[in-house]
Protein chains: 2
Amino acid sequence: MPRKANAIDLPALGTLDRAAGALGRQLAQTLREAIRRGELKPGELLPSTRLLAQSLQLSRGTVVEAFEQLVAEGFLASRPGAGTRVAATEAEPATAARKTARAQPAALPAPAAAFARVAQQFSTLPHVPFAISVPLGATVPGEAWRRLGNRLRARGEAAPSGYGDPQGALPLRQAIADYVRRSRSVRCEAQQVIVTSGTQQGLYLCCQVLLGAGERAWVEDPAYSGITSILEHGARGAAVRVPVDEEGLDVEAGLRLAPDARAAFVTPSHQYPLGMPMSMARRRALLDWAQRAGAWIVEDDYDSELRYAGHPFPALQGIAAQRVVYLGTFSKVLYPSLRLGYLIAPPELAPAFTGARVLMDRSPPGADQHVLAAFMAEGHLERHIRRVRGIYAEHRRQLMHTLARLLPAELAWLQPSDQGMHLLLWLKEGLDDTQVARQAAAAGVAVRAVSPMFAPGGARPGLVLGFGGFSGEQMEQAARKLARVIRAMAGERQPPGGRR
Amino acid sequence: MPRKANAIDLPALGTLDRAAGALGRQLAQTLREAIRRGELKPGELLPSTRLLAQSLQLSRGTVVEAFEQLVAEGFLASRPGAGTRVAATEAEPATAARKTARAQPAALPAPAAAFARVAQQFSTLPHVPFAISVPLGATVPGEAWRRLGNRLRARGEAAPSGYGDPQGALPLRQAIADYVRRSRSVRCEAQQVIVTSGTQQGLYLCCQVLLGAGERAWVEDPAYSGITSILEHGARGAAVRVPVDEEGLDVEAGLRLAPDARAAFVTPSHQYPLGMPMSMARRRALLDWAQRAGAWIVEDDYDSELRYAGHPFPALQGIAAQRVVYLGTFSKVLYPSLRLGYLIAPPELAPAFTGARVLMDRSPPGADQHVLAAFMAEGHLERHIRRVRGIYAEHRRQLMHTLARLLPAELAWLQPSDQGMHLLLWLKEGLDDTQVARQAAAAGVAVRAVSPMFAPGGARPGLVLGFGGFSGEQMEQAARKLARVIRAMAGERQPPGGRR
């Protein structure tokens, strides 16, 4: 029979902190640790609760409570008339585990390394020019937004509540349907709207719902890395990169490369990152293919509200609502940290998108959905967009002017574009745009290189410059630094005071 | 040469609404529609802008603007000296597409039907007893929560901002790390915390990161359908159902069924839905297997704050932090519509979880993260939990008493449990619990049947009853209705006034 532990044998019991209270819990923790460390061995008999209470100067109830807890947890075993013992186990795996782990770090699961690279690639840019979209000053939704929020959170539908509709709050879905019908000629009802946390979730949901394992999708080349990364790492679907020319997606090339693709991911209003709209002829060819092939078009309309010349193109969805999934976001016209956007599905696919969303995260948060619904219903959103558009138009004009002034056209030139909150600055062939981005970052300027957005082999060097959230002065200073980096990399000497 | 259209040929042009303004846009829309409908044919020459302006009594600038827009969109083509024509296309796919679609509805993509079933299965219960967790009255976070929110949204870190840290706001990750260290003996630092939108997202992320294609995972039988559905429909991983007995997961059975599984999803504090804790012996055996097999344990600790007797079990994570991914949520102790929870990863896996989250939805919304961080840092959360626990303990006691009073023990009996915000009411063998749930719903009572949470073959009938968000009176009334349904289904006659 194993020895009988007594209080004296357990030095750890001396560590009970009487001033801290909760002595029962402290005692249980101490005994637990002693068992884990092997100071108390399986089968070992513990002193009676009466004896232990006496020797520790605790009430007997406190000790009984601690024992009961440890019995419930399986650390101790108690039989009537036979006292309480340390429970039998085959081994001491916890301690062994700790030792082994220290000796040889565990092998990571297969998908982990790829996801870790994604985290690296998407690391947030610092809040300096030319990071895209940091609302600032007059472009932040103002008092109306804040007051509505305070009011609805106190008493209204935005107050704390239970599990909401996974598809999104009905008042917001109605407001979104009204808004896209009016502003984008999208044909839909509220039951086709799925509230998302933004374009990224919309793209993710599309890959989940539209693509079976191994099924292929056309993806523009170049494209937003948010979509290429999902298809690369998301376990479902595969990307076929289809080149973009001055009319947008080259549908003929798509037909040659993968006529049997199940979906096409496109940015027809304002190709990301290049900036041109898709021509009407291409739109028709694309819809024609989708109809013949029974494929789906995902229309990512991420910044159509910010158009500075002419009218915005009407959405593809308005021409073929039954074959197009339309994606929009409030990140650009309100602010990114809101995390609200929308997906408009053909009616027969809306339940599938809702189910896919349920598995990912059940439903969107409640409060901001109701605040946004009221903000839209009361007409604030459209007023806000008009104001923001005016401000951004001025920022854009100013940045274009500054860049043209600071950089010779043979070294860097702007891609023409009428829309959005970024400009694309092409760099002279041979310049390494990722290197430029790194050196710019070191100089306190945030830019994204465009070459990683191309499929391997077709890359051209360029930089994506956001002009959303910065003052003219901030942008002027950043542009000077950027020009210096580009000139230095091109081997040019910086003329004193810049080029005028 | 095709005929030359003139204004008279286009009846739609008569529909311009001069009072509504934006005549250029109206004109462009009218011409666009005429081209789509085939009233204007490819190659057809349009009247000059001068003539059209004259005949429509518009300014010439307005007509020029509309033409330019349609040229940009590809509807029209313009050559200097040769006038403006409807652009050439090979076909009229848009119209054709509409016709075809009407004739034969498109085939749905392969994954769509399964996701649509998920949406059905997870449809939200109405806000009546015994739906789980609708915060009400005293269990809603009160004035402190609201005031903090209003203050931080106006000027603080919760104000509108740009793209946030995909891993979650640092102050919240720090507050969570402090909290789980203190309350659950979880060993972690802020860099191991990934802020999620709740347990569902945590489970989804675990499947993404821990399981390669086709790799298997142990899942409790019965289990929360949120995890079984992900593995069934999520394209990655596969569930091996491992039975649960009175000590929790039967590790020996798991070893027989799938010793090579890559992960185990468990609810060791409070098995869902049955309610027992996992014994210490089983915990050890599970950790031992995980260590030997290099497998990962996902510890879903969804309601450990709500413990009504004894101390909560310390987390598995505290014993083997390097092999356990720990999941917690604020849905139970604050409110579900907040959509905030957390995942504690072994340090070497934190970047992978962050990357997987980036692909799903970039980052959590900003504002509530900062409000919650302040709420926790100022000690409000722990005070709130103490209050909620007291209220729920009383609700629970009352519901247990009411059910025992209204239902004979041979027909329905409660599973013993010390924790959580639901009770499990077992039903007599042979009763169809899904049928009971349907009839209860018709009587205005929301319950979930437990049999669908079992793997096929092993199901036992029972009901999950939430007691979180309802008054004693509401629960009493609902319990009477439920008892009536159960008695009727069992063929018993309802004694007048219920059984006392």
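Just so you know, these numbers come straight off a predicted model, no measurement behind them.

Rules behind the numbers
Residues numbered from 1 in each chain as written. Chains lettered and ligands numbered in written order. Predicted model: local features only at pLDDT ≥ 70, side-chain atom pairs only at ≥ 80, totals over all residues. Heavy atoms only, no water. Helix = DSSP H or I, 4+ residues; strand = E, 2+ residues; numbered from the N terminus. Rg over C-alpha atoms; globule rule 2.2 N^0.38 Å. Contact = heavy atoms within 4.5 Å. Areas by Shrake-Rupley, 256 points an atom, 1.4 Å probe, with all protein chains shown as cover. Lys, Arg positive; Asp, Glu negative; His and termini not counted. Charge placed at Lys NZ, Arg CZ, Asp CG, Glu CD. Buried area = accessible area lost by both parts, 1.4 Å probe. Salt bridge = Lys/Arg side-chain N within 4 Å of Asp/Glu carboxyl O. Polar contact = N/O pair within 3.5 Å; in protein donor to acceptor, adjacent residues only side chain to side chain. Nonpolar A, V, L, I, M, F, W, Y, C, P; charged D, E, K, R; others polar. Expected span 1.5 Å × (residues − 1). Buried < 20%, exposed > 50% of the residue type's maximum accessible area, 1.4 Å probe, protein only. Least-squares fit on C-alpha atoms with pLDDT ≥ 70 in both. Pairing = 2+ DSSP bridges. Axes fitted to C-alpha atoms, helices over the stretch in contact; angles between N-to-C directions. Phe/Tyr/Trp six-rings, centres within 6.5 Å; stacked < 30°, edge-to-face > 60°. Lys NZ or Arg CZ within 6 Å of the ring centre and 35° of its normal. Domains from an automatic or database assignment. pLDDT = per-residue confidence, 0-100. Core = buried A, V, L, I, M, F, W, Y, C linked by side-chain atoms within 4.5 Å. Parallel < 35°, antiparallel > 145°, perpendicular 65-115°, else oblique.

Caption draft 1: Molecular detail of the overall build of chain A. Scanning chain A from N- to C-terminus turns up 16 helices and 14 strands. For chain A, whose C-alpha radius of gyration is 31 Å, the value lies well above the compact-globule estimate of 23 Å for 500 residues. Considering only contacts within chain A whose residues lie at least 6 apart along the sequence, 72% involve residues at least 24 apart. Of the roughly 19,000 Å² that chain A leaves accessible, carbon and sulfur atoms contribute 54%. Looking at chain A, you have 59 positive and 45 negative side-chain charges, and the mean spots of the two groups are 5 Å apart.

Caption draft 2: Quick peek at the interface of chain A and chain B. Taken together, the contact pairs 105 residues of chain A with 105 residues of chain B. Surface buried jointly by chain A and chain B totals about 9,500 Å² across both partners, of which 61% is contributed by carbon and sulfur atoms. Taken together, chain A and chain B are joined by 0 salt bridges. Our count for the contact surface shared by chain A and chain B stands at 19 residue pairs in polar contact (both at pLDDT 80 or more). Ranked by residues supplied to the side of chain A that touches chain B, first place goes to helix α12 (residues 350-361) of chain A with 9 residues. Residues belonging to the side of chain A that touches chain B are distributed by class as follows: 54 nonpolar, 31 polar and 20 charged.

Caption draft 3: Examining helix α8 (residues 199-210) of chain A more closely. Residue and element names in this part refer to chain A. The terminal C-alpha atoms of α8 lie 16 Å apart, and with 12 residues this matches the ideal 16 Å at 1.5 Å per residue to within 8%. The element α8 is extensively covered by neighbouring structure, given that 12 of its 12 residues are classed as buried. Within the sequence span of α8, burial applies to Thr-199, Gln-200, Gln-201, Gly-202, Leu-203, Tyr-204, Leu-205, Cys-206, Cys-207, Gln-208, Val-209 and Leu-210.

Caption draft 4: View of the environment of Arg151(B). Residues and elements named next belong to chain B. You can see Arg-151 is positioned in helix α6 (residues 143-154). Taking the C-alpha atoms as reference points, Arg-151 and Val-371, 220 residues apart in sequence, are found 9.1 Å from one another. Not counting residues within four places of it along the chain, the set of residues in contact with Arg-151 comprises Gly-156 and Glu-378.

Caption draft 5: Geometry of the relation of the copies chain A and chain B. The transform that puts chain A on chain B rotates by 180° and translates by 0.0 Å along the axis, for an RMSD of 0.1 Å. Between the two chains, the operation in question is that of a two-fold axis. In this assembly the copies share their binding face: 100% of the residues contributing to the interface of chain A also contribute to that of chain B.

Caption draft 6: Region of the structure containing the sheet that holds strand β5 (residues 238-245) of chain B. Residue and element names in this part refer to chain B. Here 8 strands make up an open sheet; going across it, the order is β3-β10-β9-β8-β7-β4-β5-β6 and the pairing mixed. The two strands at the open ends of the sheet, each matched to only one other strand, are β3 (193-196) and β6 (248-249). The pairing of strand β7 (residues 263-266) with strand β8 (residues 296-300) spans 4 bridges and is parallel. Considered in β8, the bridge of Ala-264 is made with Ile-297. Running at roughly 105° to β3, helix α7 (residues 170-184) makes contact with β3, β9 (324-329) and β10 (341-344) of the sheet.

Caption draft 7: Spatial organisation of helix α7 (residues 170-184) of chain A. Residue and element names in this part refer to chain A. An ideal rise of 1.5 Å per residue puts 21 Å on 15 residues; α7 measures up with 20 Å between its terminal C-alpha atoms. Along α7, the residues classified as buried are Leu-172, Arg-173, Ala-175, Ile-176, Ala-177, Tyr-179, Val-180 and Arg-184. Buried residues in α7 make contact with β3 (193-196), β9 (324-329), β10 (341-344), α13 (367-377) and α14 (380-406).

Caption draft 8: Spotlight on the pattern of salt bridges. A full pass over the atoms with the stated rule returns 34 salt bridges over all chains. With a shortest N-O distance of 3.5 Å, Arg292(A) and Asp288(A) are connected by a salt bridge. Linking Arg292(A) with Asp288(A), this pair stays in helix α11 (residues 280-293), spanning 4 residues, or about one helical turn. Arg292(A) sits in the exposed class, given a relative accessible area of 57%. Here Glu189(B) ties to Arg181(B) by a salt bridge, and the two come within 4.0 Å at their closest N and O atoms. The partly exposed category is assigned to Glu189(B), whose relative accessible area is 44%.

Caption draft 9: Up close: the sheet that holds β9(A). Residue and element names in this part refer to chain A. The strand order across the open sheet formed by 8 strands is β3-β10-β9-β8-β7-β4-β5-β6, and the pairing between neighbours is mixed. A strand with exactly one partner marks an edge of an open sheet, and here the two such strands are β3 and β6 (248-249). In this sheet, β10 lies alongside β9 in antiparallel orientation, the contact comprising 4 bridges. Bridge pairing links Thr-329 to Gly-341 in β10. Where α11 meets the sheet, it contacts β4 (216-221), β5 (238-245), β6, β7 (263-266), β8 (296-300) and β9, and its direction lies at approximately 155° from that of β7.

Caption draft 10: How the structure looks around the packing of aromatic side chains. Under the counting rule described, the total for this entry stands at 15 aromatic pairs over all chains. Measuring from ring centre to ring centre gives 6.1 Å for Trp145(B) and Tyr335(B), while their planes differ by 85°; the resulting arrangement is edge-to-face. You can see Trp145(B) sitting in helix α6 and its partner Tyr335(B) sitting in the loop between β9 and β10, a full 190 residues away along the chain. For the residue pair Trp145(B) and Tyr335(B), the accessibility class agrees, reading buried in each case. Each ring, one from Phe330(B) and one from Tyr342(B), has its centre 5.3 Å from the other, and the planes form 55°; the classification is tilted. On the criterion of sequence distance, the pair formed by Phe330(B) in the loop between β9 and β10 and Tyr342(B) in strand β10 is long-range, its members being 12 residues apart. For the residue pair Phe330(B) and Tyr342(B), the accessibility class agrees, reading buried in each case. Members of the aromatic cluster, joined through ring pairs, are Trp145(A), Tyr335(A) and Phe375(A). A cation over an aromatic ring shows up here: Arg323(A) above the ring of Trp296(A), its NZ or CZ 4.2 Å from the ring centre. Just above the ring of Trp426(B) sits the side chain of Arg460(B); from NZ or CZ to the centre is 3.8 Å.

Caption draft 11: Here's a closer look at the domain arrangement of chain A. By domain assignment, chain A separates into domain 1 (18-103), domain 2 (140-378) and domain 3 (388-490). One C-alpha centre belongs to domain 1 of chain A, the other to domain 2 of chain A, and the line joining them spans 57 Å.

Caption draft 12: View of the confidence of the model for chain A. Residues and elements named next belong to chain A. The pLDDT averaged across chain A works out to 87; a share of 91% of its residues lies at or above 70. For residues 1-8, every residue scores under 50 in pLDDT, and the model assigns this stretch 23 contacts once sequence neighbours within four places are set aside. Contacts from residues 90-104, a stretch scored under 50 in pLDDT, to residues over four places away or in other chains number 16 contacts. Our summary of model confidence lists the complex with pTM equal to 0.83 and ipTM equal to 0.83.

Caption draft 13: Structural detail: the nonpolar core. The biggest cluster of nonpolar side chains holds 94 residues, and the ones touching the most others in it are Phe265(A), Phe353(A), Phe265(B) and Phe353(B). Ignoring any residue separated from it by four or fewer positions in sequence, one finds Phe265(B) in contact with Leu203(B), Cys206(B), Cys207(B), Ala217(B), Trp218(B), Val219(B), Glu220(B), Ile227(B) and Val298(B). Counting residues in each nonpolar core, the second largest holds 69 residues, with Ala374(A), Val388(A), Leu411(A) and Val485(A) among its members.

Caption draft 14: A look at unusual backbone geometry. Residues and elements named next belong to chain A. Backbone torsion omega between Asp-221 and Pro-222 reads 5°, so that peptide bond is classified as cis. By secondary structure assignment, the location of Pro-222 is in the loop between β4 and α9 (225-233). Cis geometry marks the peptide bond from Tyr-272 to Pro-273; its omega dihedral reads 5°. For Pro-273, the location among the structural elements is in the loop between β7 and α11. Unlike most non-glycine residues, Ser-185 shows phi in positive territory, near 55°. Along the polypeptide, Ser-185 turns up in the loop between α7 and β3.

Caption draft 15: Looking closely at the packing of α12(A) against helix α8 (residues 199-210) of chain B. Two numbers describe how α12(A) lies on α8(B): the axes approach to 5 Å, and their chain directions differ by 90°. Here α8(B) runs roughly perpendicular to α12(A), going by the angle between their axes. On the side of α12(A), the interface is formed by Val358(A), Leu359(A), Met360(A) and Asp361(A), while α8(B) contributes Gln200(B), Gln201(B) and Tyr204(B). By residue class, the composition of the contact of α12(A) with α8(B) is 4 nonpolar, 2 polar and 1 charged.

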